[in-house]
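Structure assessment
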Amino acid sequence: MKELTMQDLVAFCKTTGLIYPGSEIYGGLSNSWDYGPLGVELKNNIKAAWWRRFVQQEPNNVGLDSAIIANPKIWEASGHLSSFTDPLMDCRACKSRHRADKLIEEWVAAQEKQGKKIDAKSSEAMTDAEMEEFIKQNKIACPVCGKTEQFTPIRKFNLMFKTFIGVTEDAKSTVYLRPETCACIFTNFKNVLRSTRAKLPMGICQIGKSFRNEITPGNFIFRTREFEQMEMEFFCHPNDSEKFFTHYRKECMEFCKSIGLDPQKLRFRDHEKEELSFYSKATTDIEFNYPFGFSELWGIANRTNYDLTKHQQFSGEDLTYTDPFTNEKYIPYVIEPSVGVDRLLLAVLCSAYTVEELPDNDSRIVLKLNKNLAPIKVAVLPLSKKLEEKALQVYKTLSKTFRTQYDVTGSIGKRYRRQDEIGTPYCVTVDFDTETDNSVTVRDRDSMQQVRVKLDELEDWLTKNLK
Ligand code: GAP
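Residues numbered from 1 in each chain as written. Predicted model: local features only at pLDDT ≥ 70, side-chain atom pairs only at ≥ 80, totals over all residues. Heavy atoms only, no water.

1. A look at the sheet that holds strand β5 (residues 97-99)
Strand order in this open sheet of 3 strands is β5-β4-β6, and the pairing throughout is antiparallel. Each end of this open sheet is capped by a strand with a single partner; those strands are β5 and β6 (155-158). Averaged over all pairs of adjacent strands, the angle between their axes in this sheet comes to 45°, without regard to strand direction. Pairing analysis gives 4 bridges linking strand β4 (residues 85-90) to β6, with the strands arranged antiparallel. Counted as the bridge partner of T85 is N158 from β6. Contacting β4 and β5, helix α5 (residues 100-113) runs over the sheet at an angle of about 70° to β5. (Pairing = 2+ DSSP bridges. Helix = DSSP H or I, 4+ residues; strand = E, 2+ residues; numbered from the N terminus. Axes fitted to C-alpha atoms, helices over the stretch in contact; angles between N-to-C directions. Contact = heavy atoms within 4.5 Å.)

2. Some words on the sheet that holds strand β21 (residues 426-430)
Pairing within the open sheet is mixed, and its 5 strands lie in the order β20-β19-β21-β22-β23. With partners counted over all chains shown, the strands left at the sheet margins are β20 (404-406) and β23 (450-454), one partner each. The average undirected angle you get between the axes of adjacent strands in this sheet is 25°. For strand β19 (residues 378-382) and β20, the ladder comprises 3 bridges, and the chain directions are parallel. Across the sheet, the residue bridging to V378 is T404, located in β20. Contacts between helix α12 (residues 388-398) and the sheet are confined to β19, β20 and β21, with β20 contributing the most and set at about 165° to the helix.

3. Details of the side chain of T224
Inspection of the secondary structure puts T224 in the loop between β9 (202-211) and β10 (226-236). On the basis of relative accessible area, T224 is assigned to the buried category, the value being 7%. Among all residues touching T224, those that are not within four sequence positions of it are N31, W33, R212, E214 and P217. (Buried < 20%, exposed > 50% of the residue type's maximum accessible area, 1.4 Å probe, protein only.)

4. Looking at the site of the ligand
Around the ligand there are 20 residues in total, and R212, E214, E231, E296 and L297 lie nearest to it. Between the ligand and E231, the relevant distance is 2.5 Å, taken from a nitrogen atom to a side-chain nitrogen or oxygen of the residue. In the environment of the ligand, an oxygen atom lies 2.6 Å from a nitrogen or oxygen atom belonging to the side chain of E296. Protein contacts shield 88% of the accessible area of the ligand, which totals 560 Å² for the unbound molecule. Among the secondary structure elements, those contributing two or more residues to the shell around the ligand are β10, β13 (293-302) and β16 (333-340). (Near = heavy atom within 4 Å. Polar contact = N/O pair within 3.5 Å; in protein donor to acceptor, adjacent residues only side chain to side chain. Areas by Shrake-Rupley, 256 points an atom, 1.4 Å probe, with all protein chains shown as cover.)

Quick look at the structure:
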């Protein structure tokens, strides 16, 4: 089977109504994407699955929905104002801009693809001087114009989007769009503890938009400037942090598999010691093999007590926890599993997209999505326009429980193909026998097998089979 390319996927997402290029009628806006009627359903289902797993099914976890624009002191305390930067290099020849660490990463990946072994530490672990030297020594070329030794020295570029609140545009009214959702989880730690009377260990989870002025966005929805994150900050005793880090590392991988990511395309990558942030005790990425190669999907980090300590220092608020049983007072450690919704959705699509060869030189595209995630759960298809009245009744009943689509145009074969392409698990066909036997034909997306189901049992049948 031909391998799926990013180009194929972008085109497929546009035609099916999953994802459109942003601002398209005005010529677009670089690397912005709009989720269409099916994309928004898929995205909501992914978020709901994550929420069910990490909030609903964990007795000690709760949710939060904090503001995107927060007091800028938060970013001073977290270190984002001073050090949330990327190493930027310009090509003097063609004026294109690049991230030095990515230039190295991509060059190493290309060499390894050709079977060459590169003995160097990860670019994330290199200093700026080391990156400049590595690029020079290996004559890494500009990916745009192909010239070598034309890069400027590295400049630090802060990734936070700046804006102003109120009418004056000065330093005092400067605020930032949050670059990650977790910061206000830390600042609400005491509020949540007080209002829920929770005891540690406990997790606070949040889904929301984050913004980063990425120098090199790209690969469709993999790296964008506006994206959604699903983050959990799990607060625990320092002595328990390794245990919970191991636990969530495993749980996140299990979750990926449970929502249908191809296990062959998943792997762990533990960060090397030199690569770790100074405050992190351990970090693991779950990587996915996208059409452009393995790259980060989900980061799981033991952030120690760094964030709460910093916010305590900058706000003057006491953020310690007193254990009600032992009276021990301490600043909790935090285990943080953090994943991008868009990146997860991309991995879901790459795992589900299948071109299947059929007899008689025929083929079909089928999106083998986990049924839970499918944007449309059931399609109601009258065999003939004459059967519309009955079919609309069926549609009306089913749509109270399931996201249902009604389709009357084209041959039944074409309509099945359309539903296969968008991953609809079941098609319900109302035919000329329906009036007499009060039954419909239900077709399974994956096996294409058809069964006859009584109309008064249809809802229960679908509920059972959509599990
Ligand atoms: N609070 C920790 C944090 O934000 P991160 O590794 O910078 O850590 C976490 O981001 C996850 O967010 C990543 O693993 C990725 O899934 C997603 N993510 C980060 N930057 C992104 C971007 N520019 N576009 C899409 N997703 C992004």
